[in-house]
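What follows is each chain in one-letter form.
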There are 2 protein chains.
Amino acid sequence: MAGLSVIAFDADDTLWHNERFFRLSQQRFQELLAAHAEPDQLAARLLAAETRNLALYGFGIKGFTLSMIETALEITDRRIGADVIGEILDMGREMLRHPIEVFDGVGETLATLAARYPLVLITKGDLFDQERKLAQSGLGELFTAVEIVSDKTAATYGRIFGRFGGASGALMAGNSLRSDILPALAAGAHAVHIPHDLTWDYERVEDVPPSPRLHLTDDIRKIIDIIDKI
Amino acid sequence: MAGLSVIAFDADDTLWHNERFFRLSQQRFQELLAAHAEPDQLAARLLAAETRNLALYGFGIKGFTLSMIETALEITDRRIGADVIGEILDMGREMLRHPIEVFDGVGETLATLAARYPLVLITKGDLFDQERKLAQSGLGELFTAVEIVSDKTAATYGRIFGRFGGASGALMAGNSLRSDILPALAAGAHAVHIPHDLTWDYERVEDVPPSPRLHLTDDIRKIIDIIDKI
């Protein structure tokens, strides 16, 4: 086998908790607006606002906060009190301050792999926030390159992997089929899907075509065995 | 002379208009809150909020929008109407959609330089928004590398110029003494200051130590002559 020349990882919900902070904020958002909307209706309106705003805001907590404020105005026909808006701003700031909790096994697995391959972190979201999280995770030194990108398409992966000998010798590991797995496969790379029990609705996909380059595991430690067999 | 091995440019207010859109939004913000605060007082509170929030939000329009909302709540003791909050959200979205107006002489100057040197764009702000502006400017193809960074420090410039043979052979051109000129000089690079008549208060500096590596011009076209003499 030709082996691999670069291993790439997603960050949020692959290396550390992220979606849980969004869920907690959504729950508080639903409580704040309980007098105005049913939780399910509110969640649907928020997802609609987030999706509509993606083309302007991109991914990340600042855009999420702005979409929560917009949804609060929309669902109350602009009759919401300024105190609730203040609470939403506070929630956004708290999310931006939340401590990073790295998943079990991540540090040792990355250290083992970093001794053998260049590692690349590929993540989307707010540049500033993602840099903060990486710094706080203590994992920064293990990566040869950190790519904070506005979206993860096959072209994104092709461009990044091109700097490391091409996609056919690359492997992308992540929790999101939509952002990490499908576009990496489409670019010609190997992919390891490590599902996370919380996945943002936007990232869900129905259909994954089978591929000999697609691998699945529930434990990031097992990626070493998977790589040994490629 | 050893000559140069890489030329770098700031984007906002160096290659295209930016600050004017922030000023227009601030003016509308002052009109919206005219019943609650004097323009000067409001501007001071907004700058204080922006500066306080930089460590969480970083630079860019989304953070600016969140800081406007925060200031509106603060200055009215959370008694502002939701309709005003809605107007601020609209203003933020309009800023994110504003068309790019490239300054006169930029296209031809970059094209001339790109034939001789690798060009690097170094800009801070929202990743997503800066990518949009670059795409819309039509200048993207002229740059060998585009670096959208969370802050511009001497270390930032040292890291980027290191990939092109080191800071001593690099030149950084931009409108901001604080972000473009002083840290690039500190990293050991040459710098061309191209002042813009509108500069965000945050970017102002009092004191620029003299340096043989610092050049000044009011016209980006003249950078070619400056470079020829280095």
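Residues numbered from 1 in each chain as written. Chains lettered and ligands numbered in written order. Predicted model: local features only at pLDDT ≥ 70, side-chain atom pairs only at ≥ 80, totals over all residues. Heavy atoms only, no water.

**Looking at the sheet that holds strand β3 (residues 145-149) of chain A**
Residue and element names in this part refer to chain A.
- Taken together, the six strands give an open sheet; going across it, the order is β3-β2-β1-β4-β5-β6, and neighbouring strands pair in parallel fashion. The open sheet has two edge strands, β3 and β6 (214-216), and neither has a second partner. The average undirected angle you get between the axes of adjacent strands in this sheet is 20°.
- As paired strands, strand β5 (residues 190-193) and β6 are joined by three bridges and run parallel to one another. From the neighbouring strand, A191 faces β6, where its bridge partner is L214. (Pairing = 2+ DSSP bridges. Helix = DSSP H or I, 4+ residues; strand = E, 2+ residues; numbered from the N terminus. Axes fitted to C-alpha atoms, helices over the stretch in contact; angles between N-to-C directions.)

**Focus: the environment of B:H190**
All names here are of chain B.
- Checked against the element boundaries, H190 lands in strand β5 (residues 190-193).
- Sequence separation of H190 and A173 is 17 residues, and the distance between their C-alpha atoms is 8.6 Å.
- Once you skip the residues sitting within four places of it in the chain, H190 turns out to touch L4, A167, S168, A170, L171, M172, R213, H215 and I230. (Contact = heavy atoms within 4.5 Å.)

**Digging into the interface of chain A and chain B**
- With 35 residues of chain A at the contact, the number on the chain B side is 35 residues.
- Buried surface at the junction of chain A and chain B, both sides included, amounts to about 2,900 Å², of which 67% is carbon and sulfur.
- For the chain A face of the interface with chain B, the top three residues by lost area are A:L56, A:K62 and A:F128, together amounting to 23%.
- With a shortest N-O distance of 3.7 Å, A:R78 and B:D90 are connected by a salt bridge.
- Counting across the interface, chain A meets chain B through eight residue pairs in polar contact (both at pLDDT 80 or more).
- Tallying contributions element by element places helix α4 (residues 82-97) of chain A first for the side of chain A that touches chain B, with 10 residues.
- Of the residues assigned to the side of chain A that touches chain B, the class counts are 17 nonpolar, seven polar and 11 charged. (Buried area = accessible area lost by both parts, 1.4 Å probe. Salt bridge = Lys/Arg side-chain N within 4 Å of Asp/Glu carboxyl O. Polar contact = N/O pair within 3.5 Å; in protein donor to acceptor, adjacent residues only side chain to side chain. Nonpolar A, V, L, I, M, F, W, Y, C, P; charged D, E, K, R; others polar.)

**Re the packing of helix α1 (residues 19-32) of chain A against α4(A)**
Residues and elements named next belong to chain A.
- α4 packs onto α1 with a crossing angle of 170° between their chain directions and a minimal axis gap of 11 Å. Of the possible angle classes, the one that applies to α1 and α4 is roughly antiparallel. Residues F21, F22, S25, R28, F29 and L32 of α1 lie in contact with α4, whose contacting residues are V84, E87, I88, M91, E94 and M95.
- Taken together, the residues that form the contact of α1 with α4 break down as eight nonpolar, one polar and three charged. (Parallel < 35°, antiparallel > 145°, perpendicular 65-115°, else oblique.)

**Focus: the relation of the copies chain A and chain B**
- In screw terms, the move from chain A to chain B is a rotation of 180° and a rise of 0.0 Å along the axis, fitting with an RMSD of 0.0 Å. Expressed as an axis order, the relation between the two copies is that of a two-fold axis. (Least-squares fit on C-alpha atoms with pLDDT ≥ 70 in both.)

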